[in-house]
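Coordinate analysis (summary)
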Amino acid sequence: MATLAKWQTNLNDRASFGLLRKLPIDKQMIDFASNDYLGLARNAVFQQSLLELAMNDPALMTGSTGSRLITGNSLLQERVEAFLAERYAVEAALLFPSGYTANLSLLSALPQRGDTLIVDELIHRSVHDGCLMNQANKWKFRHQDLNHLEELLKRAKDQSWVVVESVYSMDGDIARLKELAELAMAYDAHLIVDEAHAVGVFGDGLVQEYGLQSQVFATVVTYGKAMGLHGAAILGSETLKSYLINYASPFIYSTAMPDLMALSIQAVYEFLDRNTHLRQKLQDRIACFESEMFDKYSKSLLTPIQPVIIADLNKLKNLSKEIKEHGFHVYAVLPPTVPEGTGRFRISIHQYNTQEEIKQLVQLIKSNIE
Ligand SMILES: Cc1ncc(COP(=O)(O)O)c(C=O)c1O
């Protein structure tokens, strides 16, 4: 009981600072919060196409019954992995039930004792959690500061690993992937790129768009955001795939995804190929937001993640309440999820947000912070 009482005190403290996390259901609101940038998770035509897959073979819908290494593997998953490998022009792809487990797998299995892992200071939590499972030394470089990264690479011991996101999840800025790849090559470091917020928005992801596949050791693509589904894949060499299958415990000790999910992953690429206008419309909406908002509170990023920093947490919380009352769902991100002093609205732009909604939201924010 003493433990529960102590936890309750911690929770009460959190609540008194307005930082208590709760599980919301805000589906009826105007969505400026979800990661469904292309609207695929709510696209009735796409949903119908998935339904037809399931109707043709209902057994696809139920569980895979085990780890991929025991009974959870299927020809279908292997075919989807072959499809991904070909599409991305890499040797191999390996599916995961989520981006979180994909990152845990990479970071727990690859860096060895004595290696040096250098991550962007704003890298996603899943990478940090994966690092807790390895014996390498972890260093952080200042966000997007390649000079700092190079300084660290010069001091690194044994094998170096560099981990970045191609579009940063809380700041929405795009990594300088070509320079990162050159730097990694110059110092014999292995580069890992998390494409969670780029895939679907920028073609099949920025590594592919820039033709960097051969210079990136492992790329993580996820399907729970712009792709409107769930799951992830790691792209890289055959040896990398085989190593993960043998040594990555989050892969080994977890039930494989259901076949319907794997098949849906292939289907979403094909759906997007037939519906490129969704991507164009998203860019149009991003441009609309940036032209309305672009000022001292925000800078042009050209991505669907638009942070508006409001360091004064009381101001941020009051405005958040007001925005909600107007029917908009906007996510206020507070420390410790973001660094102290950088509390913000993380505004997600979607192709289905109307120009009118965007203008109203910007007006609401501007009139309250000016
Ligand atoms: C950059 C980044 N990587 C990985 C993940 C985890 O992906 P998933 O939600 O598929 O577990 C997220 C999700 O928040 C993310 O933003």
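Note that this is a predicted model, so its numbers are computed, not measured. (Residues numbered from 1 in each chain as written. Predicted model: local features only at pLDDT ≥ 70, side-chain atom pairs only at ≥ 80, totals over all residues. Heavy atoms only, no water.)

1. Topic: the pattern of salt bridges
- Using the criterion set out here, one finds ten salt bridges in the structure.
- Its salt-bridge partner being Arg-87, residue Asp-204 comes within 2.7 Å of it at the nearest N-O pair. Note that Asp-204 is positioned in the loop between strand E6 (190–194) and helix H8 (206–209) and Arg-87 in helix H3 (residues 75–88), a separation of 117 residues in sequence.
- Looking at Arg-87, the relative accessible area reads 22%, which means it is partly exposed.
- Ionic pairing is found between Asp-129 and Arg-125, a salt bridge with its closest N-O pair at 2.8 Å. (Salt bridge = Lys/Arg side-chain N within 4 Å of Asp/Glu carboxyl O. Helix = DSSP H or I, 4+ residues; strand = E, 2+ residues; numbered from the N terminus. Buried < 20%, exposed > 50% of the residue type's maximum accessible area, 1.4 Å probe, protein only.)

2. Here we look at the packing of helix H12 (residues 277–293) against helix H14 (residues 355–369)
- Close contact between H12 and H14 brings their axes to 10 Å; oriented N to C, the two are set at 30°. The angle between H12 and H14 falls in the class roughly parallel. As H12 runs across H14, the sense of the crossing is right-handed. Residues Asp-284, Arg-285, Cys-288, Phe-289, Glu-292 and Met-293 of H12 touch H14, and the partners they reach there are Gln-355, Ile-358, Lys-359, Val-362, Ile-365 and Lys-366.
- For the contact of H12 with H14, the residue count by class is six nonpolar, one polar and five charged. (Axes fitted to C-alpha atoms, helices over the stretch in contact; angles between N-to-C directions. Parallel < 35°, antiparallel > 145°, perpendicular 65-115°, else oblique. Left-handed = near helix turned anticlockwise from the far one by under 90°. Contact = heavy atoms within 4.5 Å. Nonpolar A, V, L, I, M, F, W, Y, C, P; charged D, E, K, R; others polar.)

3. Topic: the site of the ligand
- Taken together, the neighbourhood of the ligand is formed by Ser-98, Gly-99, Tyr-100, Asn-103, His-124, Ser-126, Glu-165, Ser-169, Asp-194, Ala-196, His-197 and Lys-225.
- A distance of 2.7 Å is found between an oxygen atom of the ligand and a backbone nitrogen or oxygen belonging to Gly-99.
- Measuring from an oxygen atom of the ligand, one finds a backbone N or O atom of Tyr-100 at 2.8 Å.
- In the complex, the protein chains occlude 81% of the 390 Å² of accessible area that the ligand would expose alone.
- The dominant element in the shell around the ligand, judged by the number of residues it contributes, is helix H4 (residues 99–109), at three residues.
- Partitioning the shell around the ligand into residue classes produces two nonpolar, seven polar and three charged. (Near = heavy atom within 4 Å. Polar contact = N/O pair within 3.5 Å; in protein donor to acceptor, adjacent residues only side chain to side chain. Areas by Shrake-Rupley, 256 points an atom, 1.4 Å probe, with all protein chains shown as cover.)

4. Concerning the packing of aromatic side chains
- Applying the stated criterion across every chain, the model contains eight aromatic pairs.
- Through a chain of ring-to-ring contacts, the aromatic side chains of Phe-83, Tyr-88, Tyr-223 and Tyr-269 assemble into a single cluster.
- Arg-42 extends its terminal NZ or CZ atom over the ring of Tyr-352, reaching a point 3.7 Å from the ring centre. (Phe/Tyr/Trp six-rings, centres within 6.5 Å; stacked < 30°, edge-to-face > 60°. Lys NZ or Arg CZ within 6 Å of the ring centre and 35° of its normal.)

5. Focus: unusual backbone geometry
- Across the junction of Pro-335 and Pro-336, the peptide omega takes the value 10°, indicating a cis bond.
- Despite not being glycine, Ala-89 has its phi angle at roughly 55°, a positive value.
- Counting through the fold element by element, Ala-89 comes out in the loop between H3 and strand E2 (92–96).
- In this model, Gln-144 sits at a positive phi of 60°, which is unusual for a non-glycine residue.
- Of note, Gln-144 is situated in the loop between strand E4 (137–141) and helix H6 (146–155).
- Judged by relative accessible area, Gln-144 falls into the buried class, the value being 14%.

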